[in-house]
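So you can see what is in the structure, the chains are spelled out below.
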Amino acid sequence: MERRLITFIVASSAFFFVYITLRSRFAVPPVNQDPVVAGVPADDPQGPIEPNAPVGKADDGGDGTTPPETSAAEMKRPENTEWLTVGSMDAADGYYMLVTLCSNGAGVERLELTERGSNGKLKYRRVDVISGYLGYFAGSDLEDTDGVLVNVVGPGTPAANAGIKPKDVIVGIDGVAVASRDDLLAMLSATRPGQSIEIELTRSGTTLTQTAELSQHPLDLIRLAKDGGPDQVAGNLTRLSCLLTLANVNQKRIGDSNVSMRGLTNPMELNWNVNKETGGASFSVELSKAEMAVVGGDALRISRSYRLAEESYALDLGLQVDNLSDAKQDIGVRLEGANGISLEGWWYSTKISPNWGGAAARDIVYKTKSSGHVLVSGFELLKAAKNEERPNANPTLPRYGMTPLLFADDGGTASRELSYVGVDSQYFTVAYVPAEGQSALTSLERGGAGVASDPAGIIRHQERAVNSTFYVDTLSKELAPGEFMRQDLRLFAGPKYPELLTQYGLQDCIYYGWFATISKLLGKLLHGLSGVGNYALAIILLTLIVRGCMFPLSRKAAVNAQRMQELAPEMKKINEKYKDDMEGKLKAQRELQQRAGFNPLAGCLPMFIQLPIFLGLYRTLSVNIEMRQQPAFSFSDWASNLAGPDMLAYWGDWLWGYLSGRGTGWLGPYFNVLPVLVVVLYLVQQKLFMPPATDEQTAMTQKMMSIMTLMMGLFFFRVPAGLCIYFITSSCWGICERIIVKRTLPSKNHFDLAALEGGSGSAPVKSQSLAQRIRSQVAKPEPTFEKPSKRRRPGSKKK
């Protein structure tokens, strides 16, 4: 008994040690960055990019000649940054996205999902905040006075509906003065959707008061790190997405670990000329001969466009480089990917990874013809960044080149025939995909991954929230004087619905793991049951259906358990008799089971059959986006997201950080009542149905089982509410099932213990299977006959 107890304690301790070790290796407080500088419209925007063929003649100077060379000192660019939007939040406009663009780098600053459901509400809202939403302003503080300068107002937002315009200065909310951007955010955080507020602002020296009705927060799928809210972590960089620079100039190329070519005037840091269009916008910037001479090039112009169609989750991107010099140039372009993908629920997410290292909140996914679908974990990227020594690295720039390239031109087209590359989260994906009408991106030379983070700034246990990102380089093209090169592609940013992802070739981004077929089948059944009007009720119905189908197997297991319990006294006698003889004990136990016709493994078969079904149901509730944003009760804010913890009460402001920290705490910042109910029901099951202890060893085992149940409750304290509802329903069914099965079991014993003890008597004879009966017939002994010499012939007489 002592050896078994010691073995059990050692095994349990090893389990906890392994868990803590893995959690510390693979398992981020808010950071306040400087506000973005205020901007005014450019005075001389360029015209739109024409959708020309990939190679052609650049625009001339208007008289058929090449524009004159311009030195860096003479180059005129907008002095101020400008913001503009594509798409709308107004349901009447028919857009599914609202994209905010910034002329400083011509990148994407923010992308919000604005699709409406059948009830008119946002289909995808932020689930980490409950405050009201006024709109995104790219606001900045004023230097000489209090207030917040409004730099952009998105169409259809509550701010736009209230009449707020760019260049307005917000100075008060409901009679309370607003001194800074932080003050404005703090005041809005105390509001609720549907609430009306009075906004005091100044416009061209005139004081105005506007009334705005706040809405729910649309999900900002792409955002700056400084706007991450409570889920943001220190160490992640505030950086625009989809930035562009030159990757190759006349055989000089950018390093795989560099963000830009050394010495080049980086287009990512310049204010581009802007042109607003219907359904889109375009940007352009020129690099002079003097600026390009540093990298061995000559004057050129870079242009790019963004266009968004109605009812679409794909933003069309166009890149173009015009050779403005009178000499040919060999040019390639680097396009960075998205970063700052929504971090919602990173500290409790149950994202499944095909890799042993586990999944981060933001992983890199890509697919080429030769590699198939590949996921590169954010953990792997951060670990590589931390392990690489770069003493002179700029902590404000992304880290590339720590891992092997995602794909590269190795001489074959299959290696760079790219289907997609992007950043993947639990319920959403943001990826570059081919332009409409194309099956693959074939004009890219290579792609790499990295982190838009300061590796040293990511603290322990918050590594899951690292800001993963990537880049792609185009193939270099030789441009004659006046010629241009062009690259078209799309940026998909949307939810992980199988039907939607299939349209863009991204269906492999949904990963169920083992028993995927069962998970998908149960997912379809769950979607059908949601017709009752509530997903919480649909989960209950699905659990009852699955457990009901498993009832015959559960009853068989219960019968087997009863038979085992009847044999317990005889087994105890054998244990006492062969206390120091393990071989003899096992032999005696086998003989007893053979005499009784009892197979101890028969009770395990139902468990093995049920395991794939229960794991499939667990994966269904973990992966399906239908759970996200679905409330348990429509009339309450409690458990308003079945894909996250129920969050009954917030205790992060007073509970010890070791317990309540996001990622760093065992429990998280919210008290969740549903996991507590799960643990209580498990303990009740043990109390009701666990047989009384017959010896000290059994009593110790039962105590350890109770302790393990409490420890499991600690580990699963942040389990999503939908899974808790499944556990609670399954436990309640199990209690009722055991009571019903117990009443239907035979009242008489299955065995005659006295006969079993004597080895003979009325012990039941085990019924033979068909195979055993066939073997017995085949193995019958052949009949014997007398030898011919001894047989007498009939009718013969002795003479």
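Computed from a prediction, not measured in an experiment: that's the story for all the values here.

Q: Kindly report on the overall build of the protein chain, identifying the contributing residues and their values.
A: The number of helices and strands found in the protein chain is 18 helices and 30 strands. Counting across all 799 residues of the protein chain, residues that qualify as buried make up 50%. As presented, the protein chain carries roughly 38,900 Å² of accessible surface, and 55% of it is formed by carbon and sulfur atoms.

Q: Quick one: what's the story with the packing of helix α10 (residues 568-577) against helix α11 (residues 582-596), residue by residue and with numbers?
A: Direction vectors running N to C along α10 and α11 enclose 155 degrees, while the axes themselves pass 9 Å from each other. One finds that α10 runs roughly antiparallel with respect to α11. Here α10 runs over α11; the crossing is right-handed. Facing α10, whose interface residues are Glu570, Met571, Ile574 and Asn575, α11 presents Lys585, Ala588, Gln589, Leu592 and Gln593.

Q: Account for the sheet that holds strand β11 (residues 219-222), with residues named and values stated.
A: Overall, antiparallel pairing links the 4 strands, which are arranged β2-β3-β4-β11 in an open sheet. Strands at the two margins of the open sheet, each flanked by one partner only, are β2 (83-87) and β11. When the angles between neighbouring strand axes are averaged without regard to direction, this sheet yields 25 degrees. Across 5 bridges, β2 lies against strand β3 (residues 97-102) in antiparallel orientation. Looking at the pairing, Trp83 lines up with Cys102 of β3.

Q: Give me the lowdown on the confidence of the model for the protein chain, citing residues and values where you can.
A: For the protein chain, per-residue confidence averages 82 on the pLDDT scale, and 81% of positions sit at 70 or higher. Overall, residues 23-70 carries pLDDT values under 50, and its contacts beyond four positions in sequence, including any with other chains, amount to 137 contacts. Low confidence marks residues 760-771, where pLDDT is under 50. Its contacts with residues over four positions away, or in another chain, come to 14 contacts.

Q: Summarise the nonpolar core; cite the residues concerned and give the values.
A: Membership of the largest hydrophobic core comes to 119 residues, with the highest contact counts inside it found for Leu246 and Tyr432. For this core, the leading source of residues is helix α16 (residues 721-744), giving 8 residues. Counting 19 residues, the second-largest nonpolar core is a separate cluster that includes Ile164, Val178, Met187 and Leu188.

Q: Provide a residue-level description of a nonpolar patch on the surface, including the pertinent values.
A: On the surface, Trp514, Phe515, Leu611 and Leu615 cluster together into a nonpolar patch covering about 400 Å² of accessible area. For Trp514, a relative accessible area of 63% gives the class exposed.

Q: Explain the pairing of strand β28 (residues 483-495) residue by residue, including any values.
A: With 11 of 13 residues buried, β28 lies mostly within the body of the structure. The sheet contact formed by strand β17 (residues 314-323) and β28 spans 9 bridges and is antiparallel. Bridging across to β28, Leu315 finds its partner in Leu491. Sheet topology note: the strand β24 (residues 428-434)/β28 ladder contains 7 bridges and is antiparallel. Across the sheet, Ala431 pairs through a bridge with Phe492, a residue of β28.

Q: Outline the pattern of salt bridges, listing residues and values.
A: Enumeration according to the criterion identifies 26 salt bridges in this entry. Arg77 is the partner of Glu291 in a salt bridge, and the nearest nitrogen-oxygen pair spans 2.8 Å. One end of the pair, Glu291, is in helix α4 (residues 289-293); the other, Arg77, is in the loop between β1 (55-57) and β2, with 214 residues separating them in the sequence. A relative accessible area of 8% places Glu291 in the buried class. Residue class for Arg77 comes out partly exposed when judged on its relative accessible area of 23%.

Q: So what's going on with the side chain of Asn271? Which residues, and what values?
A: By the secondary structure assignment, Asn271 is in the loop between β13 (252-253) and β14 (273-277). We classify Asn271 as buried; its relative accessible area is 11%. Here Pro78 takes part through its backbone oxygen, which lies 3.3 Å from a polar atom of the side chain of Asn271. Side-chain polar atoms of Asn271 contact the backbone oxygen of Glu79, separated by 3.3 Å. Discounting chain neighbours no more than four positions away, the residues touching Asn271 are Arg77, Pro78, Glu79, Asn80, Thr81, Ser103 and Asn104.

Q: Run through the packing of aromatic side chains, naming residues and quoting values.
A: Evaluation of the coordinates by the stated rule reveals 17 aromatic pairs. Each ring, one from Trp651 and one from Phe717, has its centre 6.1 Å from the other, and the planes form 15 degrees; the classification is stacked. Of this pair, Trp651 sits in the loop between β29 (649-650) and α13 (657-660) while Phe717 sits in the loop between α15 (696-715) and α16, and the two are 66 residues apart along the sequence. You'll find Trp651 and Phe717 in the same group, each marked buried. You can call Phe717 buried: its relative accessible area is 8%. Aromatic ring contacts, followed pair by pair, group Trp347, Tyr348, Tyr650 and Tyr670 into a single cluster. A cation sits over an aromatic face here: Arg334 above Tyr471, 3.6 Å from the ring centre.

Q: Can you lay out unusual backbone geometry for me, pointing to particular residues and giving the numbers?
A: Here the phi dihedral of Ala106 falls at roughly 55 degrees; this positive angle occurs in a residue that is not glycine. On the secondary structure map, Ala106 appears in the loop between β3 and β4 (107-113). Look at Ala106 and you get buried, because its relative accessible area is 0%.

Q: So what's going on with the pairing of β24? Which residues, and what values?
A: The element β24 is largely enclosed, with a buried count of 7 among its 7 residues. Here strand β23 (residues 418-424) pairs with β24 via 4 bridges, running antiparallel. Bridge pairing in β24 links Val421 to Tyr432.

The rules behind the values
- Residues numbered from 1 in each chain as written.
- Predicted model: local features only at pLDDT ≥ 70, side-chain atom pairs only at ≥ 80, totals over all residues.
- Heavy atoms only, no water.
- Helix = DSSP H or I, 4+ residues; strand = E, 2+ residues; numbered from the N terminus.
- Buried < 20%, exposed > 50% of the residue type's maximum accessible area, 1.4 Å probe, protein only.
- Areas by Shrake-Rupley, 256 points an atom, 1.4 Å probe, with all protein chains shown as cover.
- Axes fitted to C-alpha atoms, helices over the stretch in contact; angles between N-to-C directions.
- Parallel < 35°, antiparallel > 145°, perpendicular 65-115°, else oblique.
- Left-handed = near helix turned anticlockwise from the far one by under 90°.
- Contact = heavy atoms within 4.5 Å.
- Pairing = 2+ DSSP bridges.
- pLDDT = per-residue confidence, 0-100.
- Core = buried A, V, L, I, M, F, W, Y, C linked by side-chain atoms within 4.5 Å.
- Patch = residues over 30% accessible without salt bridge, like charges linked within 9 Å, V, L, I, M, F, W, Y side chains within 5 Å.
- Salt bridge = Lys/Arg side-chain N within 4 Å of Asp/Glu carboxyl O.
- Polar contact = N/O pair within 3.5 Å; in protein donor to acceptor, adjacent residues only side chain to side chain.
- Phe/Tyr/Trp six-rings, centres within 6.5 Å; stacked < 30°, edge-to-face > 60°.
- Lys NZ or Arg CZ within 6 Å of the ring centre and 35° of its normal.

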